[in-house]
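Residues per chain are reported as follows:
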Amino acid sequence: MIRHRPFGSGHPYSVDTEQRDPVDPVAGEPLRLGVRSSAGVEHVAVEWSRDGVAQEARPLQRVTRRSRGQVVDGGHLASAQARLARASGGWSVALDGLRRGERLRYRFTAPGESTRWFETTVSSWTPGAPGLAEVGHPRVVAGSASAFGDGEVTRRVRFALPLAPGERVAGFGERYDRLDQRGTSLDSVVFEQYKNQGAERKTYLPMPFAHVVGGAGWGFHVRTSRRVWFDVAESTPDLLWIEAETGDDGALEVAFFDGSPREVLAAFLAEAGSAEELPDWVFRLWASGNEWNTQAEVMRQMDAHRDHGIPVGNLVIEAWSDESTFTQWRDSRSAVRDGAEPKRLADFEFPAEGAWPDPKGMTDELHARGIRLHLWQIPLVKMRPHPSGQVAEDAAAAIRDGVLIREPAADGSLRPYRNRGWWFPLGLMPDLTDERAARWWTEKRRYLVEELGVDGFKTDGGEHAWGRELVYLDGRRGDEKNNTFPVHYAKAFGDLLRRAGKAPVTFSRAGFTGSQAHGAFWAGDENSTWEAFRWSLLAGLNAAASGIVYWGWDLAGFSGDVPTSELYLRSTAAATFVPIMQYHSEFNHHRSPSRDRTPWNIAERTGDERVIPVFRRFAEVRERLVPYLAAEARRAVAAREPLMRPLFFDHPADARVWEHPLQWMLGDALLVAPVVEEGASAGVAYLPPGEWVDAFTGEESEGGRVVERPAPIDELPVWVRRDRWAGLRDVFGV
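Residues numbered from 1 in each chain as written. Predicted model: local features only at pLDDT ≥ 70, side-chain atom pairs only at ≥ 80, totals over all residues. Heavy atoms only, no water.

Draft legend 1. Spatial organisation of the side chain of His 221. The residue His 221 is located in strand β21 (residues 218-222) in this model. A distance of 2.6 Å separates a polar atom in the side chain of His 221 from a polar atom in the side chain of Glu 271. When residues no more than four places from it in sequence are discounted, the contact partners of His 221 are Pro 208, Phe 209, Glu 253, Val 254, Ala 255, Phe 257, Phe 268, Glu 271 and Thr 513. (Helix = DSSP H or I, 4+ residues; strand = E, 2+ residues; numbered from the N terminus. Polar contact = N/O pair within 3.5 Å; in protein donor to acceptor, adjacent residues only side chain to side chain. Contact = heavy atoms within 4.5 Å.)

Given below as structure tokens:
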């Protein structure tokens, strides 16, 4: 077997062995063509032509296989020789001397077999970009625009924007590494980066939007859902270079907004969509653990909250379903039926000895305790192992009813797209950007909301659409639609909740432009380290600068061994003052000792008796803060501004705010400066001009200066505007 996929897997940051690289050949640059072969193939060659003229066949050389960003070395094979044979399943050849506009046709041959013929054309960059349109005050540097194409089709455009000395550039969606991106390069593509997002500089939630702060004040939005690259004065100190994929006509609009950060964001949200106010209860503590996979365990943990006097308002159950249909509770029984026909609660039996003997009774008990229930979701039909029973019916119905994203087959026809990501590989993916398909998918979950009483959904895993060649139900392709998938995913589940008479509370990690209008977000999977703590806070501030109102993160991280008590409590303190306060932990195969991030488990694991009382104190502050958060969120939504705001929003002309990037305003009254360094006994913060009151001591301070205050483990540096202190004093018990 020899296999060539021109576009590869669609991994945006890696080149697969069997793909064409670059996918769109560039005049004057080498073109690498690769294949993957089965064991036993000893020779591969490429037959090719240029503008119809046959060229001499070229042999391919053995290379180590790469797939989806990973080197494939054959795994645990018996001998080094066998391992080498497996590793050499990749083959590659480079073609040189390519000219703009020429058409290449090629196929690969091996003894006794050949691939089909493939075609592509050679492109190059040429001056000018006729399809580039500026909306608002024009800012594109004269003579900087160029287009990449083959003379008939344009594939990308590139242009520069001026940056004045002292101007800072922030936003771009949820970015983990820094607040000011000047001096760096980044792109906008939805990607599942499992941990270390700050080091890898990849994100689940990008947006081609940014503020330019410190000069006259302006911002921009590249009005596209295709991939965009930004060189933010990294290669040229006074220029911000933008390169964007386009449709065949090369059309691209760039909107410019003038004014303060508030005015820039409001103008952006007017076209992208702004947040919808969510119920007050979303501001109460969220609790979850991936090993809470039985009704007994869930209630044990909720009982522990009650027994320790730690208020909790939201419970997320991730491991509730059969892990196949993602619509049925594990161990429940029901008759198999047509996969398009939604089931009702009465269709299920819940054995007393099963994991979830009475989910309805459990939900009612949670509600009686004032706890809202959210269930985890994934937008895939699981296909490995080979489906049977209800999931087989679900897959058959999804194919029959035409609700899936598709991809081209070798013969030119369309077949269902099979997930190329690492999570539930080869699963089928519903086209939730299509209203009919979205309703088809979500109606199968309606009984959970309408009859069981579920209050929201954790809409996880919105990053699985890989490949520019994917075909959506409206006929558009993956290059234009993949980034928009998580936006519509959250919308689909929000619409389901609305149809059942509930608020559209979704909790997503992936998103793009337009996600601002759909529910709440968390920062994704991260380790329990101080560095990850800082990265997560930066992610929240950049997301806020891009218009995300309801945001949080897994306080103190969710992966690996448990955090130290110091990290846990410092993170708890910071999480008390972000829009969504939650803890969560990764699945650990029920090994001992437990890695749950509950305060009682952290106390037991670390031996630190302070953990429970300090966590309780912050949870109680959070409960008293809910009315303030709800009122400030209402005002922020109406004003099209963030609830959690980087300091540059209120003080764009004050260069000192950039020296303290991990500070923020929470609403109009609270200034938060968390302790983010291990071993710190004091907090250093910049107080902007004005009069401030220390929230935990009542001490008054004049702003416009840097201050230092002691930071015991049960406090953090928070100040209240003096004119708001009377209304907030009781929140802090001063």
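The discussion continues.
Draft legend 2. Main features of the side chain of Thr 325. If you trace the backbone, Thr 325 turns up in the loop between β26 (314-317) and α5 (359-368). The class of Thr 325 is buried, set by a relative accessible area of 6%. At 2.8 Å, the side chain of Thr 325 forms a polar contact with the side chain of Asp 322. Dropping the residues within four chain positions of it, Thr 325 is found in contact with Gln 390, Val 391, Asp 394 and Arg 445. (Buried < 20%, exposed > 50% of the residue type's maximum accessible area, 1.4 Å probe, protein only.)

Draft legend 3. Expanded view of the pattern of salt bridges. Enumeration over the complete set of coordinates arrives at 78 salt bridges. The partner of Arg 155 in a salt bridge is Asp 150, and the shortest N-O contact between them spans 3.6 Å. Accessibility classification places Arg 155 together with Asp 150 in one group, the buried group. (Salt bridge = Lys/Arg side-chain N within 4 Å of Asp/Glu carboxyl O.)

Draft legend 4. Seen up close, helix α4 (residues 295-307). Between its first and last C-alpha, α4 extends 18 Å over 13 residues, near the 18 Å set by a 1.5 Å rise per residue. Buried within α4 we find Gln 295, Glu 297, Val 298, Met 299, Gln 301, Met 302, Ala 304 and His 305. Buried residues belonging to α4 abut β25 (286-287), β26, α5, β34 (580-583) and α13 (599-606). A positive phi of about 70° marks Gly 309, the residue just after α4. (Expected span 1.5 Å × (residues − 1).)

Draft legend 5. Spotlight on the packing of aromatic side chains. Within this structure, the stated rule accounts for 37 aromatic pairs. For the ring pair Trp 218 and Phe 256, a centre distance of 6.2 Å and an interplane angle of 55° mean the geometry is tilted. Of this pair, Trp 218 sits in strand β21 while Phe 256 is found in strand β24 (residues 252-258), placing the two residues 38 residues apart along the sequence. Taken as a pair, Trp 218 and Phe 256 share a single burial class, namely buried. Where Tyr 583 meets Phe 615, the ring centres are 6.3 Å apart and the plane angle is 75°; that geometry is what we call edge-to-face. (Phe/Tyr/Trp six-rings, centres within 6.5 Å; stacked < 30°, edge-to-face > 60°.)

Draft legend 6. Summary view of the pairing of strand β39 (residues 691-694). In this structure, β39 lies alongside strand β40 (residues 700-702), joined through three bridges in antiparallel fashion. Within β40, the residue paired with Trp 692 across the bridge is Ser 701. Remark: five residues form the turn of the hairpin made by β39 and β40, two consecutive strands paired antiparallel; Gly 698 in that turn has positive phi of roughly 80°. Strand direction decides the pairing type here: β39 and strand β42 (residues 718-721), joined by three bridges, are antiparallel. When the bridges of β42 are listed, Trp 692 appears paired with Arg 721. (Pairing = 2+ DSSP bridges.)

Draft legend 7. Fine view of the sheet that holds strand β15 (residues 132-135). If you trace the five strands from one edge of the open sheet to the other, you get β15-β24-β21-β20-β18, paired in mixed fashion. The strands lining the two open edges of the sheet, one partner per strand, are β15 and β18 (168-173). Sheet twist, expressed as the mean angle between neighbouring strand axes with direction ignored, is 20°. Both β21 and β24 contribute to a ladder of five bridges, which runs antiparallel. Paired with Val 222 across the strands is Val 254, a residue of β24. Sitting on the sheet, helix α3 (residues 261-272) touches β20 (206-213), β21 and β24, and the angle it makes with β20 is about 155°. Its contacts with the sheet put helix α11 (residues 530-545) on β18 and β20, and the angle it makes with β18 is roughly 90°. (Axes fitted to C-alpha atoms, helices over the stretch in contact; angles between N-to-C directions.)

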